[in-house]
Amino acid sequence: MKLHRLELAGFGPFRDRQLVEFDAFDGDGIFLIAGPTGSGKSSILDGVCFALYGGVPRYEGAERRLRSDHCAPDDPTEVRLEFTVGDTRWRVTRAPEYERPKARGTGLTTVPHAAHVEQLVDGAWIGRAAGPRDVGLLLDEVLGLSQQQFLQVILLAQNRFAQFLLARNDDRQALLRRLFGSRTYSDYQDALEQRRRAAGERLAGERSLVDHLLDDAERIVAEHGLGGDADGGDGVGDGVGDGVGVGDGVVDGGREAPAGPDARLAAIDRAIQRAAYRLDTLQRESEEAETAHVAAGAAHSEVTALREKQERRDASRIALAGLKARAGDIAVDRARLAAGEAAERLRDVVERAERLAAAAAEAGVAEAAAAEAWAAEGEEPADAKELAARIERTTGDLALWEAVAGQERVLEEVRARLAQLGQAATRHADELRELDERLGAYPARIATIDGALVSARAVAALTEPRRTTLAETERRLAAARAAEQLELVRADAERAHAAASSAATDANAEVTALLRRRLAGAAGALAAELIDGEPCAVCGSREHPQPAHATDEAVTDADVDTAVSAKDAAVDAERAASDAARAAREAHAAQAAVAGGATAEQLAETAAVAQKALAHAEAAAGERDRLEAELDQLSAARAADAERRTALAERLAAVQSETAAAEREASLARNAVDAARGAFETVADRIADGIRRRAAARTLVDAMGMRADREAEAATAAGERDVRVGESEFADAAAVTAALLPTAERETLSTRIREHEVAHASEVERLRDLELELAGQPEEPLDVAASAAALAEAKATWSAAAEQAVRAAQTTEALRDRHRRAVQAHAEIAALSEEHALIAGLADAVAGRNAKKMDLETFVLAAELEEIVAAANLRLDDMSSGRYLLRHTDALTGRGAAGLGLEVVDAYTGHSRPPQSLSGGETFLASLALALGLAQVVTARAGGIRLDTLFIDEGFGSLDGDTLELAMRALDELRQGGRTVGVISHVEAMKEQLPAQLLVRAIPQGPSIVQLRDRAAV
């Protein structure tokens, strides 16, 4: 990492913008930051730290104090740092939170903490992140060092690097833990401790499970009397020899000791044999009862079947009697159906004679009506021949009149056209006057528009530049607003991440709590079995001063599995929430980078100004287009009006000529019409009268012929009817009509007759079959109550026997299940005991419960400390002229963490002593060597990042001349390989030895300034 350029404005003692070009010292490799005490030398390093991490440790995070007290209310506060990591150059800009006057009204408003990161790509700065949070996340990835590591290896602040040398072991452990991230090893220790407790809880749980299963099995044995004669029996012989009963113990000293698991399992096994014997007996009894139930069911079914046949026979007798009673009605239906079918064969001839007689009567009525219509026209009665002659004469007259009627229509059209021509002539004359007036006004209007068009074109030319400016501003504004929305999304995502992380922690705690509860339950179960004076099954003690209390609820394996599943789900949810939060941060950073660090409010004001300017230009463009269109319209209108005037004059002349011709045509048509209309108002009226009289004559002629034809047809049909009826069984046509039946009624009669015949035959056959089947049986219905009672009694006996057999089977299976599970759990206890012992030993070793009292994390940090001491001694040996070396020690101390001690080996005495015994100058040299060694190891652990810039703040004032020379020689070695070292000091000897200097001084007005001192002046 190499620093290039630092800008400070309104920061610390600097009011005006100050520029520090670190690249100016590349040739020297080491330079001095000099100046009077309090001038602000350390504030330069504060600016570097604030730019990269957003805080300054010596101000304890009070960012408001970073703003210069010399600033006016409107002066900005800003820090900008350019640096390179690897091959990439970055620029970060930060402004702390401070107050400034409100833009509107009175009072102050708070300017929030702002940050912006850019990357140099192909010579141009490209925004990569905006906002303190996104900038911090990006810089964490770029730098690879935390703020604590950065201050320990790059900014060696005043007295900070001496703290590591003189710290207690606990403080040194805390610092190393932050630098090397060794918290993981502490997590390993916690995980192993949790596994040790879990293994103990599983062991206690298995023991508790064995006792619980045995207790449950013994309860079942006692409830069902399966314990042998010693425990009381149930009267059912079991065929198994009695031994030690369930729960029996061995008498020791007059007191019965509890039986062990093996003895209890053996007793339960004997009870299972008794239960199996009892089950066989009850199953045989159940099978015998089932056989008796089947026999009773068969006897009852036989009696029931005979009773049903007797009932069907009696019902058949009743049905057959009913069918015989309906025989007379069926005979009547059969006679009606025969007469109807005979009449149906004469239906057509009778109905045709009636239909033609009615048609002849209707034709006579039509003839009378036609004669009345002819008389209504004022005509005299006439025969068919006279009417035909009249029709022919009238048709010839109509042809002549219709020819003249066309001229009558032409006359009306000519009159209408003459009226239209008169109106058109008047209208054309009026339009000619209006056109003449309009053509005279065009020149003045065109001159006015030409003047306004010149100014509108000048303003409209600015439209595109202003539109481009507005588009860019709106793009940045949209990005800023999107960044504000994404800030909410990011906050929600981070809250969701925090909630998911908390839920994962709670789920893990729930698993731990369940395991502890299960262990407590096991402890309570063991404590319940303790007897005063008897040895404890766990520790062997005969004294039990504080036994555990049994818990109310037992924790099962299912409970633990459920909690573990919930914990795994919570961990997955936390991982998903973390990914969502990271995606939200990246989206916000992208939008904020497009916005360029400006707020939405600022960009909205800029956009509003640009919008107004664009609106003004667009309005001018619109006015220009409107005026040009209006000018074009006026020119086109003037030409159109001139052309229209010429056309109107020509049309007026044509209308006048057409009017004269129409008047001549009207005079000729009027003479012909007057001759053709006679006494009528119009020729059309005379034609309508002739057509009406001719139609009346034709109707009368047609009616006369129709009447004669219909009367002849009716007489022929009546003769045919009389012949057919005379040959039939009916007396006349009226008798045929009376015998006719509707089709539906004929079908109904036929169906009723057929159904009665089928039903009678079927019932006779059914009764015959039943009589044969019941031959020899009593006429009275059999009684089924006795067989039903016998069946119910057999069923009850079978149900009771089956229920006892089922209960015996359930009892046997329950005992076998408890016995099997207890045997399995008892077999697992030995393996769990070995596992618990192994995990407990490993947990004790990792937790530091050993002779060195050193846990795993301290052991790892001790190895890091050894590397740090080795790297530091390479420089301390040279700086102390071979007198001093640092040495790591893991000796136990009265207090604090063991394994992280430091001591100084003095070559003059050959003895080691504590670092606190060194003088001020010696402490500085040893601390500097240790800090440089620490920087070397930390950067190697951070991925081998190269440190091309290093700062050391003060401490040289405690050195004598010779020691200062040694320190300067060590610093001179640091600049090898292109590294640049900045030293902050007010020691005059340093000024003489370091010609490259950055001078910080206060001007008379109060604020400080930074100057690059000319080498010639040193």
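Cut-offs and rules
Residues numbered from 1 in each chain as written. Predicted model: local features only at pLDDT ≥ 70, side-chain atom pairs only at ≥ 80, totals over all residues. Heavy atoms only, no water. Pairing = 2+ DSSP bridges. Helix = DSSP H or I, 4+ residues; strand = E, 2+ residues; numbered from the N terminus. Axes fitted to C-alpha atoms, helices over the stretch in contact; angles between N-to-C directions. Salt bridge = Lys/Arg side-chain N within 4 Å of Asp/Glu carboxyl O. Buried < 20%, exposed > 50% of the residue type's maximum accessible area, 1.4 Å probe, protein only. Phe/Tyr/Trp six-rings, centres within 6.5 Å; stacked < 30°, edge-to-face > 60°. Contact = heavy atoms within 4.5 Å.

Participant: Give me the lowdown on the sheet that holds strand S13 (residues 884–889), citing residues and values where you can.
Facilitator: Reading across from one edge, S13-S14-S15 is the order of the three strands in this open sheet, with antiparallel pairing throughout. Of all the strands in the sheet, the pair left with one neighbour each is S13 and strand S15 (911–913). The average undirected angle you get between the axes of adjacent strands in this sheet is 40°. When strand S14 (residues 901–906) meets S15, the two strands line up antiparallel, connected through three bridges. Bridge pairing in S15 places Val-904 opposite Arg-913.

Participant: Outline the pattern of salt bridges, listing residues and values.
Facilitator: Oppositely charged side chains may form a pair once their charged atoms are brought near each other. Per the counting criterion, the structure on display carries 50 salt bridges. Note that Glu-803 is salt-bridged to Arg-807, the shortest N-O span being 2.9 Å. One end of the pair, Glu-803, and the other, Arg-807, are both in helix H17 (residues 785–846), four residues apart, so they sit about a helical turn from each other. Glu-803 gets classed as partly exposed once you look at its relative accessible area, which sits at 47%. You can call Arg-807 partly exposed: its relative accessible area is 42%. Here Asp-817 and Arg-820 are joined by a salt bridge, their closest N and O atoms 2.8 Å apart. Taken together, the residues Asp-817 and Arg-820, both in helix H17 and three residues apart, mark about one turn of the helix. By relative accessible area, which is 39% here, Arg-820 ends up partly exposed.

Participant: If you had to explain the packing of aromatic side chains to someone new, which residues and values would you point to?
Facilitator: Evaluated as defined, the whole model comprises five aromatic pairs. Centroid distance Phe-25 to Phe-31: 4.1 Å. Interplanar angle 10°. Geometry classified as stacked. With respect to class, Phe-25 is no different from Phe-31; both count as buried. Note on Phe-31 and Phe-951: the rings are 6.4 Å apart at their centroids and 85° apart in plane angle, and the pair reads as edge-to-face. Of this pair, Phe-31 sits in strand S3 (residues 30–34) while Phe-951 is found in strand S16 (residues 949–953), placing the two residues 920 residues apart along the sequence.

Participant: Summarise the sheet that holds strand S9 (residues 124–130); cite the residues concerned and give the values.
Facilitator: A sheet is described by the order of its strands in space; here six strands give the open sequence S2-S1-S4-S5-S8-S9, paired in antiparallel fashion. Since the sheet does not close on itself, it has two edges, and those belong to strand S2 (18–21) and S9, each with one partner. Across the sheet, the axes of successive neighbouring strands diverge by a mean angle of 20°, strand direction being ignored. The pairing of strand S1 (residues 2–9) with strand S4 (residues 78–85) spans seven bridges and is antiparallel. Its bridge partner lying in S4, Leu-3 is registered against Phe-83. The sheet contacts of helix H2 (residues 132–143) involve S4, strand S5 (88–95), strand S8 (114–121) and S9, and relative to S5 the element is tilted by about 150°.

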